[in-house]
Amino acid sequence: MNRLWGGARTASRENAEDAAATLTNEPSDTTSETDTPGATPAADTAGSTSDAAEHQESDDGHDTPGEPDDARCTGLAAGRRGIALIALAVVLLVTGGGFLYEAHRLRSTPSAENHALTDAEATNRVAGDVDDALARIFSYTPKGTDATEESARSVLTGRAARQYGELFDRVRSDLTEQKVSLTTAAVRTGVVDLRDGTAKLLVFLDQTSRRGDAKESHAAAQLTVTARFVDDRWRIADIQTR
């Protein structure tokens, strides 16, 4: 019995000590596991610190945002300017070559023989002679037909002389009977081609006519004229109306 009681007491004493130890340890554990309001756990704080350090290292290893794009844009702009300058040089080279080729073509082809483009004195002379000839053959009065025919013989040649003679013979009597008067003036003359003693001209005429005592009438005419240099003067060889 005594042994049992002693064992019971011993067991009771051990249980009491265990209970006391449990009561003593519980407040300490509760305090360590309970978070303080507003405080950051140590493990979380350490992780955040590590992340911040890594982020800082990452920032230190790279250029400032925007710098690579600015450098790239600057390079692209410089490249475009270089391409534009090259293209301009090519255009100038091609254009200059075209001008040189055209000048060579004008000097080496029959167009270079056209003195209407280069000899102002000869051009003015043929234009003046043709203007005077047209005014003389297309101006007459009822009593001046003989003088008109005489003028025609001195300023016309070849086909133009034959055509004019045939025409004038047909209208001579009508001109006298109806008392027709005609005055012609060249208002503009252009020498299209002048070479080898032959000239081609475009002539605009202003004509004023009157029949008897009637009122004057005005008309315009446009002619293509071929002239030839004969006996030291330009004579009309062909006349075509336009």
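Here's a quick rundown of the structure. (Residues numbered from 1 in each chain as written. Predicted model: local features only at pLDDT ≥ 70, side-chain atom pairs only at ≥ 80, totals over all residues. Heavy atoms only, no water.)

## Side note on the layout of surface pockets
Defined as follows: In this analysis, the protein atoms alone were mapped onto a 1 Å grid. Cavities are point sets where a 1.4 Å probe fits without being able to get out; pockets are open sets with protein on both sides within 12 Å along at least five of seven lines; lining residues have an atom within 4 Å of a point. Grid points are joined across faces, edges and corners, and a volume is the space filled by probe spheres set on the points. For helices the rule is a DSSP run of H or I covering at least 4 residues; for strands it is a run of E covering at least 2, with both sets numbered from the N terminus onward. Basically, the charged four are Asp, Glu, Lys and Arg, the nonpolar ten are Ala, Val, Leu, Ile, Met, Phe, Trp, Tyr, Cys and Pro, and anything else, Gly included, counts as polar.
Taken as a whole, the largest pocket spans an internal volume of roughly 200 Å³. Along the walls of the largest pocket sit Ile-137, Phe-138, Leu-156, Ala-160, Gln-163, Tyr-164, Glu-166, Leu-167, Arg-170 and Ile-239, which together make up its complete lining. Considering every element that reaches the lining of the largest pocket, the biggest residue donor is helix α6 (residues 158-177), with six residues. Its residues assigned to classes, the lining of the largest pocket comprises seven nonpolar, one polar and two charged.

## Structural notes on helix α5 (residues 145-155)
Residues spaced three or four apart along an α-helix face the same direction, because each turn holds 3.6 residues. Our working definition: Residue exposure (1.4 Å probe, protein chains only): buried if accessible area is under 20% of the type maximum, exposed if over 50%, otherwise partly exposed. Here the arc refers to the set of directions running from the helix axis out to each C-beta atom. The contact definition used throughout considers only heavy atoms, calling two residues in contact when any of these lie within 4.5 Å.
Within α5, burial applies to Thr-145, Thr-148, Glu-149, Ser-151, Ala-152 and Val-155. Along α5, the residues classed as buried sweep out an arc of 160° about the axis, all on the same side. Among the exposed residues of α5, those pointing more than 90 degrees away from its buried face are Asp-146 and Arg-153. Considering only its buried residues, α5 is in contact with α4 (120-137), α6 and β4 (233-241).

## Observations regarding the pairing of strand β1 (residues 180-195)
We count it as follows: Two strands qualify as a pair provided that DSSP identifies no fewer than 2 bridges between them.
Relative to strand β2 (residues 198-211), β1 runs antiparallel, the two sharing 14 bridges. Bridge assignment links Gly-190 to a residue of β2, and that residue is Leu-202. Two successive antiparallel strands, β1 and β2, enclose a turn made up of two residues, where Asp-196 displays a positive phi of approximately 50°.

In short, shape yes, function no, at least from these values alone.
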